[in-house]
Amino acid sequence: MNYQTYLGDSIEILKSLPSASMDSLVTDPPAGIGLLGLDWDKDKGGRREWIEWLTAIMAECHRLLKPGAHGFVWAIPRTSHWTGAALEDAGFEVKDVITHVFGSGFPKSVAVDKAIDRAKYTDTDQLFQVTDWIRKRRNELNLTNKQLDEIAGVKGGACHWTARPPAGQPHIPTKERWEKLETVLGRPPEWIEKLIKPSHELGENWSKRTVVGHYPKNAGGIGGVEFRSIHQSVTIPTSEISQKWHGWGTALKPASEHWIMIQKPISEHNIAANVLKYETGGINIDASRIPVRGKIPSTTNLDFRDGGFLWDTSERSQHSIYHQHPGGRFPANLIVTRSNDIECPAKVMNDQSERETDVAQYFKTFKPEAPFFYCKKPDKHERGEDNIHPTVKPLRLMRYLCKMVTPKNGTVLDPFMGSGTTGVAALFEGFQFIGIERDENYHQIANRRMKGIRR
Ligand SMILES: C[S@@+](CC[C@H](N)C(=O)[O-])C[C@H]1O[C@@H](n2cnc3c(N)ncnc32)[C@H](O)[C@@H]1O
């Protein structure tokens, strides 16, 4: 066998595969919070439900792995503790977390001053008084939320209009919705009527914001010609309360991801016995070394002051220069992608260090990044022209992860195969591969990408 893929839900397929038959697990599951708004990415109803869902799949993976086998499981920092909990509940040990720094994410932050100015209502207690009235009327009339939704012509609105404190998310129906609801619920009391506003109406301070500039929102184009340039206003608050919150937001820029390193506990009395019996239990350090040659300063002297990974070229650093292991740097729990990576910096360093330049001078001139594992984002060529998967991982990264945890001729398991990058990586490294994907299109793309790859 070179590789085998399955179309279907991994929980079902995994159950049909034999125990202790896989040598490693390298997989990229959904994040659990509806990050992309796609069907496969949906949240499962909350933290507990999502952990239970992943635990069930990971418990099957645990059964399929040989004792001592390792794995890497992708997670985002925001829910990586959920993934970690599911992995532990499934029986794995969490051994480390590799942070992959890429720096290019887009912050989904809400400007607090704008949120205040835009908000129609800012008094939660008042909203709960309104939802309390609607809920009581609904109960008096023996109606359900589903019926209220149908009356108002919406889906999922009534659970907000009837929300209870403290966990509910209360909304007041817009004027347009009230007009329909009133035909059944009757006219609300005057204090509620005063709060009803049309959907287009925003907070009274919104229109008072001062426009201080405009910026074009890039709408794409061809050959330098923009399709459409949307000019958005840059505004600053005028009201005292929102001025106080100008410059405050709600989220950080997502610039890193996690690869949680796990191990199925060894079954023998020590690592030597386990490796000799199953070939699993160790990680392939030498295959994962980061190649650098010649003399370079120790990473303990890295200087992060200028916002990048620059070298400390001070006297102190000069004294701690040492000769590298011939295979390169010890693999670290940090991986770096530069968005404008043209060339792998490790290669630049190799070429340059062959010149035997004075080390301090060399690093002053070339400003290399720290010698961690570098990988570029996947371009069209790497993904394959027809690959429509939204979260394709870099091939170089997946090869690196597969070879770190898979013994020679071993089998890599991926129960969330997507467009098959783990499979392509495993095959390029000379491993066998088992992949499962529930989406027919992605499954086909993965098979096309893997077809014919032999090392
Ligand atoms: C983050 S993507 C993996 C992308 C992949 N690393 C790549 O480079 O193309 C996760 C994949 O898991 C699949 N998936 C989600 N739940 C699944 C399940 N229960 N069984 C099988 N596949 C599932 C989704 O359809 C999605 O393609």
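Keep in mind that what you see is a predicted model, and the values were worked out from it rather than measured.

## Some details on the overall build of the protein
Tallying secondary structure elements over the protein gives 18 helices and 17 strands in all. Residue burial in the protein is summarised as follows: out of 455 residues, 32% are buried. Residue pairs in contact within the protein that sit at least 24 positions apart in sequence constitute 74% of those at least 6 positions apart.

## Considerations on the nonpolar core
Core analysis: the biggest nonpolar cluster contains 56 residues, and Val26, Cys61, Phe72, Ile260, Leu401 and Cys402 have the highest contact counts within it. Leave out the neighbours within four places in its chain, and leucine 401 touches Val26, Phe72 and Trp259. Ranked by size, the runner-up nonpolar core spans 11 residues in total, among them Leu127, Leu148, Ala158 and Trp178.

## A closer look at the environment of phenylalanine 416
Topologically, phenylalanine 416 is positioned in the loop between β16 (411–414) and α17 (421–428). On the basis of neighbour counts, which here come to 21 C-beta atoms within 10 Å, the residue phenylalanine 416 falls in the buried class. Taking the C-alpha atoms as reference points, phenylalanine 416 and aspartate 28, 388 residues apart in sequence, are found 6.0 Å from one another. With sequence-adjacent residues up to four places away left out, phenylalanine 416 is seen in contact with Ser10, Thr27, Asp28 and Pro29.

## What about unusual backbone geometry?
Residue proline 166 follows proline 165 across a cis peptide bond; omega there is 0°. Take proline 166: it is sitting in the loop between α7 (158–161) and α8 (175–185). Despite not being glycine, glutamate 279 shows a phi value in the positive range, around 70°. Here glutamate 279 lies in the loop between α11 (271–278) and β10 (295–296). Located in the positive-phi region is asparagine 409, a residue other than glycine, with phi close to 60°. You can call asparagine 409 exposed: it has 10 C-beta atoms within 10 Å.

## Concerning the sheet that holds strand β15 (residues 373–374)
Strand order across the open sheet formed by 9 strands is β1-β17-β16-β2-β3-β9-β4-β14-β15, with mixed pairing between neighbours. Edge strands, defined here as strands with exactly one partner in the open sheet, are β1 (3–7) and β15. Relative to β16, strand β2 (residues 22–27) runs parallel, the two being bridged by 2 bridges. Residue serine 24 lies in a different strand from β16, and its bridge partner there is valine 412. Its contacts with the sheet put helix α3 (residues 80–89) on β3 (65–75), β4 (93–101) and β9 (256–263), and the angle it makes with β9 is roughly 10°.

## Quick word on the pairing of β4
Across 8 bridges, the pairing between β4 and β9 is antiparallel. Note that in β9 the partner of histidine 100 across the bridge is glutamate 257. Pairing of β4 with strand β14 (residues 334–336), which is carried by 3 bridges, proceeds in the parallel orientation. Residue pairing for β14: histidine 100 is matched across the bridge by isoleucine 335.

## Some details on the environment of lysine 451
Counting through the fold element by element, lysine 451 comes out in the segment after α18 (440–450). When the C-alpha atoms of lysine 451 and leucine 427 are compared, they prove to be 9.9 Å apart, with 24 residues separating the residues in sequence.

## Topic: the confidence of the model for the protein
Mean pLDDT over the protein works out to 86, with 81% of the residues at or above the 70 mark. In the predicted structure, residues 307–312 sits below a pLDDT of 50 and forms 16 contacts with residues beyond four places in sequence or in another chain. Every residue in residues 339–369 scores below 50 in pLDDT, and together they form 45 contacts with partners more than four places removed in sequence or on other chains.

## Quick look at helix α2 (residues 47–64)
If you check α2, its first and last C-alpha atoms are 26 Å apart, about what 18 residues at 1.5 Å a residue would give, namely 26 Å. Within α2, burial applies to Trp50, Ile51, Leu54, Ile57, Met58, Glu60, Cys61, His62 and Leu64. Looking at the buried residues of α2, the elements they touch are α1 (10–15), β2, β3, α3 and β16.

## What to know about helix α5 (residues 124–140)
Here α5 contains 17 residues, and its C-alpha end-to-end distance of 24 Å stays within 8% of the 24 Å for a straight helix at 1.5 Å per residue. Along α5, the residues that are buried comprise Leu127, Val130, Thr131, Ile134 and Arg138. In a view along the axis of α5, the buried residues occupy a sector of 95°, so they form one face of it. The exposed residues of α5 that point more than 90 degrees off its buried face are Asp125, Lys136, Asn139 and Glu140. At its buried positions, α5 is contacted by α6 (145–152), α7, α8 and α9 (190–193). Residue asparagine 142 follows α5 closely and has a positive phi angle near 55°.

## Some details on the environment of serine 16
For serine 16, the position within the fold is in the loop between α1 and β2. Overall, serine 16 belongs to the exposed group, with 9 C-beta atoms counted inside 10 Å. Considered as a pair, serine 16 and glutamate 60 are 44 residues apart in the sequence and their alpha carbons are 9.8 Å apart.

## Points about the pairing of β9
Counting buried positions along β9 yields 7 of 8 residues, so the element is predominantly enclosed. As defined by bridge partners, β3 adjoins β9 across 6 bridges and the pair is classed as antiparallel. Across the sheet, glycine 71 pairs through a bridge with isoleucine 262, a residue of β9.

## What to know about the packing of α2 against α3
Contact geometry of α2 with α3 gives a least axis separation of 8 Å together with a crossing angle of 45°. Classed by the angle they form, the pair α2 and α3 counts as oblique. Considering only the axes of α2 and α3, their crossing is right-handed. Here Arg47, Trp50, Ile51, Leu54, Thr55 and Met58 of α2 come into contact with α3, specifically with Trp82, Thr83, Ala85, Ala86, Leu87 and Asp89. When the residues that make up the contact of α2 with α3 are grouped by side-chain class, the tally is 8 nonpolar, 2 polar and 2 charged.

Rules of the game
Residues numbered from 1 in each chain as written. Predicted model: local features only at pLDDT ≥ 70, side-chain atom pairs only at ≥ 80, totals over all residues. Helix = DSSP H or I, 4+ residues; strand = E, 2+ residues; numbered from the N terminus. Buried ≥ 20, exposed ≤ 12 C-beta atoms within 10 Å, placed from the backbone. Contact = placed C-beta atoms within 7 Å. Core = buried A, V, L, I, M, F, W, Y, C linked by C-beta atoms within 7 Å. Pairing = 2+ DSSP bridges. Axes fitted to C-alpha atoms, helices over the stretch in contact; angles between N-to-C directions. pLDDT = per-residue confidence, 0-100. Expected span 1.5 Å × (residues − 1). Arc of directions from axis to C-beta. Parallel < 35°, antiparallel > 145°, perpendicular 65-115°, else oblique. Left-handed = near helix turned anticlockwise from the far one by under 90°. Nonpolar A, V, L, I, M, F, W, Y, C, P; charged D, E, K, R; others polar.

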